[in-house]
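Single-letter residue listing:
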Amino acid sequence: RIEAGAVYLPYFGDLVAAQRGRGVFRNGRPVQAPASGRAARQLKYARLCIARGGAEPAAMSRRPLSDLLGGCADTLNYGSCAMAMIAVALGCVDAFVMPAQKYWDLAAGWCILRELGVPVGIWKNGWRERLSERQLTQATDKDLLDVAAAATSPLFRQFSRTLKTGDSPRVS
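Summary of the structure given here. In this text, all values refer to a predicted model and were calculated from it rather than measured experimentally.

1. Section: helix α3 (residues 103–116)
Line of reasoning, step 1. The end-to-end C-alpha distance of α3, which contains 14 residues, comes to 20 Å, matching closely the 20 Å that a straight helix rising 1.5 Å per residue would cover.
Line of reasoning, step 2. Where α3 is concerned, the buried positions are L106, G109, W110, C111, I112, L113, R114 and L116.
Line of reasoning, step 3. Phi for G117, located one or two positions after α3, is positive at around 80°.

Dropping the structure here:
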């Protein structure tokens, strides 16, 4: 099991940390889940953080990533899986998606999102095989993992459906 995780964002001077069953803290102060009333419930209204991760550059122009890019209200790229996960946790963006990540890129953020109750999924094999927490803890340095999260369950379900119907991004 993943018991704890922390992400330090030096540019912002923020340390966000979580421990199983103890909550999430930003610079020592408790963090609440993103307010579902403000968060987008549909892809067409969502502010999405998306990046290609370790996938080849052309992955952004192919399904499923192209479907997400073309279907949302706004996109941005923090260039970091951990930073994107924290942006969802803190309510800065509605959702994020990033293919071809190593487990160390997402384990701490996954723990933080889990503690907040934010829907998050991790897949292998081009969004085809969803992983459990146990499978995540058994990932090796050879595994490339695809990850997505959304501040609301309806938006996460839309993402999951879109990702399942797409093509597998190839790794560069």
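From this point on, the discussion continues.
2. What about the pattern of salt bridges?
Line of reasoning, step 1. Using the criterion set out here, one finds ten salt bridges in the structure.
Line of reasoning, step 2. Between E3 and R1 there is a salt bridge whose closest N-O contact spans 2.9 Å.
Line of reasoning, step 3. Residues participating in the shared-partner salt-bridge network are R1, E3, R20, R114, E115 and E133.

3. Some points on the packing of aromatic side chains
Line of reasoning, step 1. For the coordinates displayed, the defined rule picks out four aromatic pairs.
Line of reasoning, step 2. An aromatic cluster is built from W123, W127 and F156, whose rings are joined through pairwise contacts.

4. Let's talk about the sheet that holds strand β5 (residues 47–50)
Line of reasoning, step 1. The sheet built from six strands is open, its strands ordered β6-β5-β7-β10-β8-β9 with mixed pairing. The strands lining the two open edges of the sheet, one partner per strand, are β6 (74–76) and β9 (129–130).
Line of reasoning, step 2. Sitting on the sheet, helix α2 (residues 81–89) touches β5, β7 (95–101), β8 (120–124) and β10 (145–150), and the angle it makes with β7 is about 160°.

5. Here we look at the pairing of β7
Line of reasoning, step 1. Most of β7 is tucked away, with seven of its seven residues classed as buried.
Line of reasoning, step 2. Examined bridge by bridge, β5 and β7 share three bridges and lie parallel to one another. The residue of β7 that forms the bridge with L48 is A95.
Line of reasoning, step 3. For β7 and β10, the ladder comprises five bridges, and the chain directions are antiparallel. Bridge assignment links A95 to a residue of β10, and that residue is A150.

Conventions and cut-offs
- Residues numbered from 1 in each chain as written.
- Predicted model: local features only at pLDDT ≥ 70, side-chain atom pairs only at ≥ 80, totals over all residues.
- Heavy atoms only, no water.
- Helix = DSSP H or I, 4+ residues; strand = E, 2+ residues; numbered from the N terminus.
- Expected span 1.5 Å × (residues − 1).
- Buried < 20%, exposed > 50% of the residue type's maximum accessible area, 1.4 Å probe, protein only.
- Salt bridge = Lys/Arg side-chain N within 4 Å of Asp/Glu carboxyl O.
- Phe/Tyr/Trp six-rings, centres within 6.5 Å; stacked < 30°, edge-to-face > 60°.
- Pairing = 2+ DSSP bridges.
- Contact = heavy atoms within 4.5 Å.
- Axes fitted to C-alpha atoms, helices over the stretch in contact; angles between N-to-C directions.

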